[in-house]
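# Observations on the three-dimensional arrangement
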Amino acid sequence: MSQQQLLEKQLCESFIKFQRELVGRGPESTKALICRDMVILRSKGVLTKEEKHVSFTKKGRALVKQLRMELRESYLEQIEKIITDITKSKVISSHGDISIRTGEQIEVFIMDTDLEKKLKII
């Protein structure tokens, strides 16, 4: 397994653990991808049973999305610190969204270092 694959695995495991502690359950699956100066986390099956139930209406979907975006804002500093600690690079910005229709969540972290180049040197 390459250094990049090991780092991606560690990022996945840490993100899932964090989500379990935060929400009480983790996503069904998460994949991490390091692409130049970006760390991308794509999680499937993130919605709770309650969120799925509420999501049958347009208003419900909007409420769940709003709640999830508020939740993201509340934990943003913590997750950015986790990403920084694992990659040994600073997060300079991050972006996230959730699809209520598919139950997928994506997080993108822009780092101050090209991680692919850094990992090839190690």
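To be clear, the structure that these remarks concern was listed above.
Throughout what follows, the structure given in this document is the object of discussion. (Residues numbered from 1 in each chain as written. Predicted model: local features only at pLDDT ≥ 70, side-chain atom pairs only at ≥ 80, totals over all residues. Heavy atoms only, no water.)

Summing up its helical and strand segments, the chain has four helices and four strands in all. Shown N-terminal to C-terminal, the secondary structure of the chain runs as helices and strands in the order α-β-β-α-α-β-β-α. Against the compact-globule benchmark of 14 Å for 122 residues, the chain has a radius of gyration of 15 Å, which places it among compact chains. Counting only C-alpha atoms, the chain reaches 50 × 25 × 20 Å along its principal axes. Look at the contacts in the chain between residues 6 or more apart in sequence, and 56% of them connect residues 24 or more apart. As presented, the chain carries roughly 7,700 Å² of accessible surface, and 55% of it is formed by carbon and sulfur atoms. Separation between the mean location of the 23 positive side-chain charges and that of the 18 negative ones in the chain comes to 5 Å. (Helix = DSSP H or I, 4+ residues; strand = E, 2+ residues; numbered from the N terminus. Rg over C-alpha atoms; globule rule 2.2 N^0.38 Å. Contact = heavy atoms within 4.5 Å. Areas by Shrake-Rupley, 256 points an atom, 1.4 Å probe, with all protein chains shown as cover. Lys, Arg positive; Asp, Glu negative; His and termini not counted. Charge placed at Lys NZ, Arg CZ, Asp CG, Glu CD.)

Our next topic: the state of the cysteines. Chemically, a disulfide is nothing more than a covalent bond linking the sulfur atoms of two cysteines. According to the stated counting rule, one finds zero disulfides in the structure shown. Cys35 provides the cysteine sulfur closest to Cys12, a residue in no disulfide bond, and the two sulfurs are 15 Å apart. Relative accessible area serves as the criterion here: at 12%, Cys12 is assigned to the buried category. Judged by its relative accessible area of 28%, Cys35 falls in the partly exposed class. (Disulfide = S-S within 2.5 Å. Buried < 20%, exposed > 50% of the residue type's maximum accessible area, 1.4 Å probe, protein only.)

It is worth spelling out the sheet that holds strand S1 (residues 29-35) at this point. As summarised here, the arrangement of the four strands in space is S1-S2-S4-S3, forming an open sheet in which the pairing is antiparallel. With partners counted over all chains shown, the strands left at the sheet margins are S1 and strand S3 (91-99), one partner each. For this sheet, the mean angle separating the axes of adjacent strands, direction not counted, is 10 degrees. As paired strands, S1 and strand S2 (residues 38-44) are joined by seven bridges and run antiparallel to one another. Residue Lys31 lies in a different strand from S2, and its bridge partner there is Arg42. Of the strands in this sheet, S1, S2 and strand S4 (104-111) are in contact with helix H1 (residues 3-23), which crosses S1 at around 135 degrees. Its contacts with the sheet place helix H3 (residues 58-87) against S2, S3 and S4, and it is angled at close to 140 degrees to S3. (Pairing = 2+ DSSP bridges. Axes fitted to C-alpha atoms, helices over the stretch in contact; angles between N-to-C directions.)

What follows deals with the nonpolar core. Ranked by size, the top nonpolar core spans 19 residues in total, and within it Leu11, Val39, Leu41, Ile83 and Phe109 carry the most contacts. When contributions to this core are tallied by element, the ones reaching two or more residues are H1, S1, S2, H3, S4 and helix H4 (115-121). If we ignore the near neighbours within four places in the chain, the residues touching Leu11 are Ala32, Ile34, Val39, Leu41, Ile83, Ile86 and Thr87. In terms of nonpolar packing, the next biggest core, distinct from the first, is built from five residues, Val46, Leu47, Val64 and Ile100 among them. (Core = buried A, V, L, I, M, F, W, Y, C linked by side-chain atoms within 4.5 Å.)

These figures come from the coordinates and say nothing about function on their own.
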